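So the chains spell out like this:
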Number of protein chains: 12
Amino acid sequence: MTSISSPLSSENKKIVTDCLQGALIDLIDLSLEGKQAHWNVIGRHFRSIHLHLDEIVDLARESADLVAERAVAIGSNPDGRPGTVARDSHVTRVDSGYIEDGKVIAIFTDVLESIIRRMRERVDATETTDPVTQDLLIGITRDLEKHHWMMQAQR
Amino acid sequence: MTSISSPLSSENKKIVTDCLQGALIDLIDLSLEGKQAHWNVIGRHFRSIHLHLDEIVDLARESADLVAERAVAIGSNPDGRPGTVARDSHVTRVDSGYIEDGKVIAIFTDVLESIIRRMRERVDATETTDPVTQDLLIGITRDLEKHHWMMQAQR
Amino acid sequence: MTSISSPLSSENKKIVTDCLQGALIDLIDLSLEGKQAHWNVIGRHFRSIHLHLDEIVDLARESADLVAERAVAIGSNPDGRPGTVARDSHVTRVDSGYIEDGKVIAIFTDVLESIIRRMRERVDATETTDPVTQDLLIGITRDLEKHHWMMQAQR
Amino acid sequence: MTSISSPLSSENKKIVTDCLQGALIDLIDLSLEGKQAHWNVIGRHFRSIHLHLDEIVDLARESADLVAERAVAIGSNPDGRPGTVARDSHVTRVDSGYIEDGKVIAIFTDVLESIIRRMRERVDATETTDPVTQDLLIGITRDLEKHHWMMQAQR
Amino acid sequence: MTSISSPLSSENKKIVTDCLQGALIDLIDLSLEGKQAHWNVIGRHFRSIHLHLDEIVDLARESADLVAERAVAIGSNPDGRPGTVARDSHVTRVDSGYIEDGKVIAIFTDVLESIIRRMRERVDATETTDPVTQDLLIGITRDLEKHHWMMQAQR
Amino acid sequence: MTSISSPLSSENKKIVTDCLQGALIDLIDLSLEGKQAHWNVIGRHFRSIHLHLDEIVDLARESADLVAERAVAIGSNPDGRPGTVARDSHVTRVDSGYIEDGKVIAIFTDVLESIIRRMRERVDATETTDPVTQDLLIGITRDLEKHHWMMQAQR
Amino acid sequence: MTSISSPLSSENKKIVTDCLQGALIDLIDLSLEGKQAHWNVIGRHFRSIHLHLDEIVDLARESADLVAERAVAIGSNPDGRPGTVARDSHVTRVDSGYIEDGKVIAIFTDVLESIIRRMRERVDATETTDPVTQDLLIGITRDLEKHHWMMQAQR
Amino acid sequence: MTSISSPLSSENKKIVTDCLQGALIDLIDLSLEGKQAHWNVIGRHFRSIHLHLDEIVDLARESADLVAERAVAIGSNPDGRPGTVARDSHVTRVDSGYIEDGKVIAIFTDVLESIIRRMRERVDATETTDPVTQDLLIGITRDLEKHHWMMQAQR
Amino acid sequence: MTSISSPLSSENKKIVTDCLQGALIDLIDLSLEGKQAHWNVIGRHFRSIHLHLDEIVDLARESADLVAERAVAIGSNPDGRPGTVARDSHVTRVDSGYIEDGKVIAIFTDVLESIIRRMRERVDATETTDPVTQDLLIGITRDLEKHHWMMQAQR
Amino acid sequence: MTSISSPLSSENKKIVTDCLQGALIDLIDLSLEGKQAHWNVIGRHFRSIHLHLDEIVDLARESADLVAERAVAIGSNPDGRPGTVARDSHVTRVDSGYIEDGKVIAIFTDVLESIIRRMRERVDATETTDPVTQDLLIGITRDLEKHHWMMQAQR
Amino acid sequence: MTSISSPLSSENKKIVTDCLQGALIDLIDLSLEGKQAHWNVIGRHFRSIHLHLDEIVDLARESADLVAERAVAIGSNPDGRPGTVARDSHVTRVDSGYIEDGKVIAIFTDVLESIIRRMRERVDATETTDPVTQDLLIGITRDLEKHHWMMQAQR
Amino acid sequence: MTSISSPLSSENKKIVTDCLQGALIDLIDLSLEGKQAHWNVIGRHFRSIHLHLDEIVDLARESADLVAERAVAIGSNPDGRPGTVARDSHVTRVDSGYIEDGKVIAIFTDVLESIIRRMRERVDATETTDPVTQDLLIGITRDLEKHHWMMQAQR
């Protein structure tokens, strides 16, 4: 069966693959938890948060797609199936049921902070192993850090 | 804490809630499995299927959002978190790794067929309990059946 | 003088006409009360509500137009003149002068709830008398219930 | 040879297929007769009718496409070839040569009235056999009835 | 409770408030009567008038919004509720039921003429009291006079 | 009754009229057969052909409209009614039922080839009789020949 | 002083220059007379003719620009100044003051007919002298003949 | 025959009519002389001036249309026929043949200056006679003065 | 060296120049202070104010450009360099560091109020000296007063 | 192996193929030389020429694509590979390094002139051999002659 | 009071903050000086430079916003108030009054050169302290260097 | 003669210039070979590959332009003339005549692989010599690697 050749050495490919797979899980989970809160948030600030979360979900979806397509482009197989996400994700889960607006802000401040921490580790890990992947991860990190500020600013 | 009042009787609300939650799980799973295949498909028909799957993913995402917002609008709490999707979904999972184009067509023909069967049960269950929800489910079923035909036609 | 023939029996036409005329009054009144609050709302949540009300007004205007054109299409004469609206509307009126943001949310939660209740009666009344009209009313009801949820969520 | 599976029982599929094939013939014929009049109409109201007929043709073409794709989606084969349309259509034909504006209005008032009557029979016939198809036919009927009113209003 | 400070002296504010409230009533009523005729007009010129009235309604709605927001901006409370419009409007009402095309033209020629007369009085009254409001009223008057010409030209 | 004067001599008008009427029949038939195959095609190349055929149908519809309006502009009456198309068309008909992708390509290669042959005869016939019509026919021929190449290239 | 070289022989250039200058005068005059009638037309068909004339003015302006730029491109100097247009134009002038709708149709039917006659002479004159210019003139003639038909159809 | 009633006294109407007719002649002439130079300009700055003149022509055409429609709206008959423009215009004419870029700048600086001087007289004359017309003339004057600056800046 | 001639007398030009230069400083300062707060605001209403301030900045930038280009058009030299803004501005400065949302609202309510007061003085000063400039200043004042209301409404 | 059938006789096909291949080489070379100058031009008129050249490059690319696709459509194989362009092109090459603005104008005036001369020979050669190709070449020639004028006008 | 947490160590944060604050001052000053010259430039190349400067201003504004939002995202407070810009900027100021086109080019060549030099120092300083910020600064530097080339090319 | 100053040391400039010139040749050649195959490809997968190649050509053209403009911005002269491309390119050439679809995929998999290998060397070479150029090359490499994957996936 056909497989995709890699522009990277097999050693580097392994490191970069781990970074991309980790980022993929983080971003898919962010998109799903973001939607969960988008639907179930209540409180005086409902509308503002409801709209803000959709911007985060859009970012997460687009970034996940770029990250996964980058994985195939270096000859790996991204895995974004729900079971994998449920098993491997480090993202703090939101509870079921209504979530008060203040709590949404607190949760997503934390969620974004932990994803950013892992993204920065991946930025470091790809610096010499694959600068092309690094550049992609840097761009996503910048967007996540912007939303992290905006979440915090509303506390 | 605030909660959202329902335009439905509590009995009908329970039935409709189950239908919407079931549809939500099906549609989120479809969007995730669709992306998984979008990334990992290989074979001579790669490009055609790669593009087709993205249309299905777009449909699944938009429909999931409508279904979940409908659930809140009738006073329920949709649950679209990855753990819930992984636990409750009836969708046949695609395997990890590369998937040959012919196999993608076979799998998604099956996946769509089983979702459509459940959607039609939900259409029946909501006919008298909530025609407003039923109308939404009918529209989504129509779109799914269109893609089911297109998948089959490529076998 | 020319008049428009009806695809309905005269008995059904009468029932459907009443539903459409009732919906028309509700929707025009909603658009006018919505604008009244859009202009006179004050409070910390001013901007969010000011924008939200304009979405409701847009929905009310577009739906009113569809409902009135549906009435002519079945051979009736819709009546949306200000005197008729003032006389026949069941919508709770907002007071003149400034309206505090919390009060706007309370009033429109009530206003939407009562319109939705009447819309659902019309959905029932048109099920056998004219499924074409019923389908239109169902679509409008869905949109109104969405805004009803969003209003409530901000309480 | 591949064929498309149906979400309907074979009995229901037969009824629904007949409805869709009948609608297809009506709509294709409407699009062709509409163009014929669009080109050959004369009289003081030429421009108004010339433009109005193109809106009807657009509606007829888009609806025909939806109806035919619905037929394949339930496992049938739509037949919209010119010979079939010429043989099976119940639409009153416009004569060749110039058509005076008043006559165009009279003809298309009749044409639309007869198509609407058949569409409503199809709406009834699909209510229990396939609510998904019924919903599509209801939407098309609503648009046709709107243009029927507008044609009549110009008499 | 918060109120909005005015850039005008209290004397000027009173005069300008009256002008704006009067304009608001005229414009809302114009939008509602315009829609009433848009729906119920019949006759050979149906399509042309049906479309023309919608342009007038759009103008009336946009102008009403500008006028009402101008009122709040100078520290007043606009009142555009249906009861107020029904009570205070000077606009000649169209009758219920079908309206022949020639009659629509005659009525709206009159309606626009009387609104324009009152708008010009308001333009005069605001010249020294508030040139900012005057400029807004002049712009609206120009648009109304354009449609007044077009209505007349069709007599 | 009004008729349209011609910029051509009666002799030339006759020749040009025949060319335009012939082209009209070819193009309407192409649009109908193209849709027929667009709906009923099956096989591994389904999606590619399904999309390609819609481009051909769009071209055929737009060209048919230009050709028919050209006919009226030279004082003739185009006839594009289904009966006329069924009777006069030289286009090879596709069969009813599913059509395999390879067969679609073979049929439309032939269909386009025969239409192009007739279009080139019309280009010759209008060179001296009406260069304005010739220029229109040349443009349509160029587009048809482009699709003829693309069909063949897929054999 | 710089001048623009011509791709034509001096003999051909002279013939083509005359054709283009003649077309320029015709088209500028058409645009000015068209606007004159656009403003001063009255009668029941006011709106339809008012809009139609603006399409003709747009066509005349765009064509005049193409024709004049073609003249410079072959090394000539187009002259479209008002005095030249007033002196050289063969277009029948509309009278000052209001023009009844029926009269507008009669005048522009004549105006277009005479311009078309001259355009066809220019098409003949440029066939061998400059096929590039001929192709431009043919395209403009086609558009003028379309509007000529539409004007006549309203008689 | 129908005529359009005026919102102005007959004395004021006469003054305003003269202003509008004068502005119309200036603006049409500007549009024609602007195009003349747009086509015939040569020199190193050709491209810059060629593009700049088209912006002036667009402004002149749009303003002429607004001015003429304003004239009908106050019950007058604008006259923008080529003979009238040739006879009444005060605009300095550009010569025929090529015009060097520096000369174009000099001419249009003068042309705009003289039009602006007359526009300002019209602004004065309409201040009390018709503030609605004055507002229109002020807006056009502002745009002309902007282009006057830009022309001068290139000297 | 070239300079731009003025349509105003030297006396009027001096007055109008001062008005425009004053407005320019106000508007540039508003745009910079607006951005400062846009970046540094914190608090529960962060998102709403963050977005609102960007609308004010857009308005300030566009208005500053119009005001400065108006200054050149009357033969003056606008000065919008940072040193000039820092030296001449009367706008109350926001402090460095984070600014709480409530404080932002209080500050910009004051800032807008003081700019509006000066703009109204400029509107008075230009009434007879240059109505063209006055019209521009009136338009900007209207927009500023709208945002002043919206700021206040959030207190 | 599949090959594309031709609508032309083999003799005509040979002539037309040569014309199209020649045009292809000219147009690709024009696009590459145009970009070369777009990047390396310097001088006071840099910006104007830099932008103008990009319009020429866009035209050359689009025309090359049309010409090459026309070649395949008549059964030939266009050859636009760099080696073929380098070997067969008759276009005068620009030197490497910076090119002064005046020189760019001189070079591209020549380059366009020589391409136009060859294009006109191809227009003649295709008149009887393939009017469909001729029409395409005429259109491209018109665009080239327009840019030739504009280049010259800047000398 | 809330403050924004930083993804950087306090040492790195200090270095990166200085880089961002320095870039902010440079970019705001560039936008203000750019507008100053955009308004006051004169000379034959006025239009070209006037337009070019607006592109630079747009770039400067957008970059300033990204830089300032990046500062908040790393937990700092950007300071872009006019007094700060006037005090801290290293950009060479343009003089008041008209500026000849050649001088504008000389000044902005210098201005861009000095900003680029400082930007490159910031790119170096952020390489290890914050690659996310570095990536942003690199992108801005690339755009500035492009405009630096274009300015120089016009000398 | 003017030349463009460089932000780089002369040593670094030399290295970076070589990288950019090499990338330019690769990308221009890719765009030309891509078009060659776009036109001459045949086989069952014709349409899919025909469309895919145009995306690659668009990428190659846009990237070539960025790379060449980057070269001028660092003070070098890019050379993209056909002779230089033909002489210096390392890209494997496609043969003349028809190319079977499978062969196109094989060739462009190889072509992209070799370009990517050279691009990655350039990314390394510019890391310390010019991070601004490196960032541009990284972005282009990412896009090329994406298409490399897609080509391979179709093998």
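As the structure is a computational prediction, the values presented were derived from the model and not from experiment.

Cut-offs and rules
- Residues numbered from 1 in each chain as written.
- Chains lettered and ligands numbered in written order.
- Predicted model: local features only at pLDDT ≥ 70, side-chain atom pairs only at ≥ 80, totals over all residues.
- Heavy atoms only, no water.
- Contact = heavy atoms within 4.5 Å.
- Buried area = accessible area lost by both parts, 1.4 Å probe.
- Salt bridge = Lys/Arg side-chain N within 4 Å of Asp/Glu carboxyl O.
- Helix = DSSP H or I, 4+ residues; strand = E, 2+ residues; numbered from the N terminus.
- Nonpolar A, V, L, I, M, F, W, Y, C, P; charged D, E, K, R; others polar.
- UniProt positions renumbered as here; feature names shortened; annotations may be inferred.
- Least-squares fit on C-alpha atoms with pLDDT ≥ 70 in both.
- Buried < 20%, exposed > 50% of the residue type's maximum accessible area, 1.4 Å probe, protein only.
- Polar contact = N/O pair within 3.5 Å; in protein donor to acceptor, adjacent residues only side chain to side chain.

Further remarks concern the interface of chain G and chain H. With 40 residues of chain G in contact, the opposing surface of chain H contributes 40 residues. Across the chain G/chain H interface, buried area totals approximately 3200 Å², and carbon plus sulfur atoms make up 61% of it. At the junction of chain G and chain H, the tally comes to two salt bridges. Here D65 of chain G makes a salt bridge to K35 of chain H, at a shortest N to O gap of 2.8 Å. Sorting the residues of the side of chain G that touches chain H by element identifies α1 (10-40), α2 (46-73) and α3 (82-88) of chain G as the ones contributing at least two each. If you tally residues by element for the side of chain G that touches chain H, the top one is α1 of chain G, at ten residues. Of the residues assigned to the side of chain G that touches chain H, the class counts are 16 nonpolar, 13 polar and eleven charged.

As annotated by UniProt and renumbered to match this structure, "domain: Ferritin/DPS" (unreviewed entry) occupies residues 20-154 of chain A. Strand forms 3% of residues 20-154 of chain A and helix 78%; the C-alpha atoms that close the span are 31 Å apart.

Our next topic: the arrangement of the chains. Considering only C-alpha positions, the minimal separation of the non-contacting chain F and chain I is 42 Å. Spatially, chain G is disjoint from chain I: no contact exists, and the shortest C-alpha separation is 26 Å.

The transformation that overlays chain G on chain H combines an axial shift of 0.0 Å with a rotation of 180°, and the residual RMSD is 0.0 Å. Each copy turns onto its partner about a two-fold axis. Relative to the rotation axis, the closest C-alpha in chain G is found at P82 of chain G, a distance of 2.9 Å. Comparing contact sets, 100% of the residues at the interface of chain G also lie at the interface in chain H, consistent with an isologous, same-surface contact.

Looking now at the environment of V94 of chain G. Residue placement: V94 of chain G occurs in the loop between α3 and β2 (99-100). The exposure class assigned to V94 of chain G is buried, which follows from its relative accessible area of 1%. Those residues in contact with V94 of chain G that sit more than four places away from it in its chain are E33, Q36, I99, I107 and F108 of chain G together with R81 of chain H.

The next point concerns the side chain of T141 of chain E. Inspection of the secondary structure assignment puts T141 of chain E in helix α5 (residues 131-153). Its relative accessible area of 0% is what places T141 of chain E among the buried residues.

Our next topic: the interface of chain C and chain B. Interface extent is often summarised as the accessible area lost during association of the parts. Taken together, the 15 residues of chain C in the interface contact 16 residues of chain B. Approximately 1400 Å² of surface area, both sides summed, lies buried where chain C meets chain B, with 55% of it carried by carbon and sulfur atoms. Interface area lost by chain C to chain B is led by R120, R142 and W149 of chain C, which between them contribute 44%. Here E69 of chain B ties to K146 of chain C by a salt bridge, and the two come within 3.6 Å at their closest N and O atoms. Connecting chain C to chain B are four residue pairs in polar contact (both at pLDDT 80 or more). At the level of secondary structure, the elements contributing two or more residues to the side of chain C that touches chain B comprise α4 (101-126) and α5 (131-153) of chain C.

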